[in-house]
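# A look at the structure
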Amino acid sequence: MGALETLSLNRQGNAGLGIVFTALHGTSITLLPESLKRWGFTKVDVLEAQATPDGNFPTVHSPNPEEPAALALAVARAEELGYDFVVGCDPDSDRVGIAVRNDHGDLVLLNGNQAAAVLMDYVLAQRSAQGSMPANPFVASTVVTSPLLLRVAEHYGVETTETLTGFKWIAEQIRLREGKQTFVVGGEESYGYLAGDFVRDKDAIGSACLLAEAAAFHAANGSSFYHALLGLYARHGVHQDELLSVTKPGRSGLEEIQAIMARLRTATPTEVAGVSVAEVVDYQQRSKRVLADGSTSALTLPASNVIQLVMANGDRITARPSGTEPKIKYYFNVLGGHLGEVDQAGQYRRVREELAARVDAYREALRQY
């Protein structure tokens with residue numbers, strides 16, 4: 001745990017943050033409570049109903065922190081105690097979900113993109129303020145993760161890299177850059193994050209400690225984790241990131257998924273839901289094509305069956321078949337305006353509704369494709 005403690009950046013508010021932790025019947029019970037204690041968190045309530053490791057997962061339909069139902073018991077416990085932060089790890093302790101209080105005081109679940117953005121901002125801000133940023137730093141995310149992470153890193157002058165989907169590709173970048181650059185922090189949309197380079201995979205333990213520390217720091221300075229997210233939307237524009245998974249079972253389903261990907265390549269749409277397509281990024285062909293003039297450029301990433309449509313308004317739509325399930329997945333990264341200084345939460349709710357409607361239009365158009 002000594003290496004884990006080196007990730008801590010500012011403990012000024014840790015003792016004051018009320019945390020409810022659920023292990024979801026998995027392995028994080030063996031490490032996270034002790035780790036939080038060593039980081040100075042003294043108000044940690046372990047949800048006993050889900051503390052015992054049990055492969056039958058008797059209290060949840062699925063022990064996946066991406067699903068709201070998985071954290072329902074922990075959220076209810078936090079409401080009972082009046083605590084402000086909920087954290088839950090998946091059974092093998094590599095992914096983590098959180099709930100924080102919004103401007104109305106309600107506990108809300110944040111998605112993986114939102115949590116990763118605030119985590120990255122906290123780490124880079126602290127290292128910049130303390131003068132502890134390593135020489136030649138870099139951060140990493142994946143091609144289906146919110147571009148907000150790239151904007152956050154650029155704000156601090158830190159180099160960014162996008163990899164293919166899956167943390168093994170981020171780990172590969174850490175290995176390839178050893179001796180030349182230092183990995184600081186990274187994440188992906190599927191609730192996996194990493195700080196430091198001694199784990200080389202997504203790590204729920206270190207990430208949970210840092211997410212809690214970010215929440216404690218902002219609370220100690222008159223803000224909150226939620227308002228830190230709104231601050232990023234004010235600085236970089238609102239980013240709405242959503243996923244559509246379409247199940248196509250059986251052999252016929254596999255053939256249908258292959259046909260969809262083939263159509264996206266050979267009969268690429270010039271518009272989706274009335275928005276023009278500006279660029280087509282084909283990771284299997286390792287090329288990017290500009291539709292306006294037909295010019296192409298090469299990609300450096302390994303070949304992968306992924307197609308990304310970059311829209312004229314800056315949105316991104318990425319399609320890829322699942323590697324483990326009979327599904328095709330569409331990732332939507334849509335962009336809104338910058339929040340002003342007054343009533344940011346109210347502004348965010350209005351912009352979020354507008355962006356959600358745009359995502360719905362994209363979804364409907366792709367369902368018909």
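Residues numbered from 1 in each chain as written. Predicted model: local features only at pLDDT ≥ 70, side-chain atom pairs only at ≥ 80, totals over all residues. Heavy atoms only, no water.

The next point concerns the overall build of the chain. Scanning the chain for helices and strands turns up 10 helices and 17 strands. Its C-alpha atoms give the chain a radius of gyration of 21 Å, within 12% of the compact-globule value 21 Å for 369 residues. Across its three principal axes, the chain shows a C-alpha extent of roughly 60 × 45 × 45 Å. For the chain, the residues scored as buried account for 53% of the 369 residues in total. (Helix = DSSP H or I, 4+ residues; strand = E, 2+ residues; numbered from the N terminus. Rg over C-alpha atoms; globule rule 2.2 N^0.38 Å. Buried < 20%, exposed > 50% of the residue type's maximum accessible area, 1.4 Å probe, protein only.)

Glancing now at empty space enclosed by the protein. All told, the structure shown has one cavity of 30 Å³ or more when counted by the stated rule. The space that makes up the largest cavity amounts to roughly 30 Å³. Lining of the largest cavity is provided by Leu264, Ile307, Leu309, Ile317, Ala319, Tyr330 and Leu366. Contributing elements (two or more residues each) for the lining of the largest cavity: β15 (307-311) and β16 (316-321). Class assignment of the residues belonging to the lining of the largest cavity gives a composition of seven nonpolar, no polar and no charged. (1 Å grid on protein atoms, 1.4 Å probe; cavity = no way out; pocket = protein on both sides within 12 Å on 5 of 7 lines; lining within 4 Å. Points joined across faces, edges and corners; volume = space filled by probe spheres on them. Nonpolar A, V, L, I, M, F, W, Y, C, P; charged D, E, K, R; others polar.)

Another aspect to go through is the pattern of salt bridges. Counted by the stated rule, this structure contains 23 salt bridges. Here Glu34 makes a salt bridge to Arg38, at a shortest N to O gap of 3.1 Å. Of this pair, Glu34 and Arg38 both sit in helix α2 (residues 32-38), four residues apart, roughly one helical turn. Across the pair Glu79 and Arg101 runs a salt bridge, and its minimum N-O distance is 3.2 Å. On the criterion of sequence distance, the pair formed by Glu79 in helix α3 (residues 72-81) and Arg101 in strand β4 (residues 96-101) is long-range, its members being 22 residues apart. Look at Arg101 and you get buried, because its relative accessible area is 15%. Among the charged side chains, a network of salt bridges with common partners joins Glu5, Arg11, Glu34 and Arg38. (Salt bridge = Lys/Arg side-chain N within 4 Å of Asp/Glu carboxyl O.)

Turning to the nonpolar core, a few remarks are in order. Note on soluble globular proteins: their nonpolar side chains tend to be buried together. Counting 85 residues, the largest nonpolar core has Phe85 and Ile98 as the members making the most contacts within it. Ranked by residues supplied to this core, first place goes to helix α7 (residues 204-220) with 11 residues. For Ile98, the residues in contact, after removing those within four places along its chain, are Leu71, Phe85, Val86, Val87, Val108, Leu109, Leu110, Ala115, Leu211 and Phe225. Formed by 13 residues, the second largest nonpolar core is a distinct cluster that contains Ala70, Ala74, Ala78 and Val86. (Core = buried A, V, L, I, M, F, W, Y, C linked by side-chain atoms within 4.5 Å. Contact = heavy atoms within 4.5 Å.)

A separate point is the side chain of Ser141. Secondary-structure assignment places Ser141 in strand β6 (residues 137-142). Setting aside chain neighbours within four positions, we find Ser141 in contact with Leu149, Leu150, Thr161, Glu162, Thr163, Ile170 and Gly187.

Two elements in contact, helix α8 (residues 225-236) and helix α10 (residues 344-367), have axes whose closest approach is 10 Å; the angle formed by their N-to-C orientations is 65°. Considering their axes alone, α8 and α10 lie roughly perpendicular with respect to each other. The way α8 lies across α10 gives a crossing that is left-handed. Here α8 contributes Tyr226, Leu230, Gly231, Tyr233 and Ala234 to the contact with α10, which in turn contributes Gln344, Ala345 and Tyr348. Residues of the contact of α8 with α10, tallied by class, amount to six nonpolar, two polar and no charged. (Axes fitted to C-alpha atoms, helices over the stretch in contact; angles between N-to-C directions. Parallel < 35°, antiparallel > 145°, perpendicular 65-115°, else oblique. Left-handed = near helix turned anticlockwise from the far one by under 90°.)

Moving on: the packing of aromatic side chains. This model, assessed by the stated rule, comprises five aromatic pairs. On the numbers, 6.4 Å between centres and 50° between planes, the contact of Phe85 with Phe225 is tilted. Of the two residues, Phe85 sits in strand β3 (residues 85-89) while Phe225 sits in helix α8, which places them 140 residues apart along the sequence. Residue Phe225 is classed as buried on the basis of its relative accessible area of 3%. Arranged with centres 5.6 Å apart and planes meeting at 65°, the rings of Phe138 and Phe183 form a pair that is edge-to-face. Of this pair, Phe138 sits in strand β6 while Phe183 sits in strand β8 (residues 182-188); the two residues are 45 residues apart in sequence, bridging distant segments of the chain. The class for Phe183 is buried, based on a relative accessible area of 4%. Over the ring of Phe138 we find Arg177; its NZ or CZ atom is 4.4 Å from the centre of that ring. (Phe/Tyr/Trp six-rings, centres within 6.5 Å; stacked < 30°, edge-to-face > 60°. Lys NZ or Arg CZ within 6 Å of the ring centre and 35° of its normal.)

This part takes up the pairing of β8. Taken across its seven residues, β8 has six buried, putting it largely inside the fold. Here β8 runs beside strand β9 (residues 192-195); their pairing, made up of four bridges, is antiparallel. Counted as the bridge partner of Glu188 is Gly192 from β9. Between β8 and β9, which follow one another and run antiparallel, lie three residues, and Tyr191 among them has a positive phi close to 70°. (Pairing = 2+ DSSP bridges.)

For Ser93, which is not glycine, the phi dihedral falls at a positive 60°. Structurally, the position occupied by Ser93 is in the loop between β3 and β4. Its relative accessible area of 11% is what places Ser93 among the buried residues. Not every positive phi belongs to a glycine, and Tyr191 is a case in point at roughly 70°. Here Tyr191 lies in the loop between β8 and β9.

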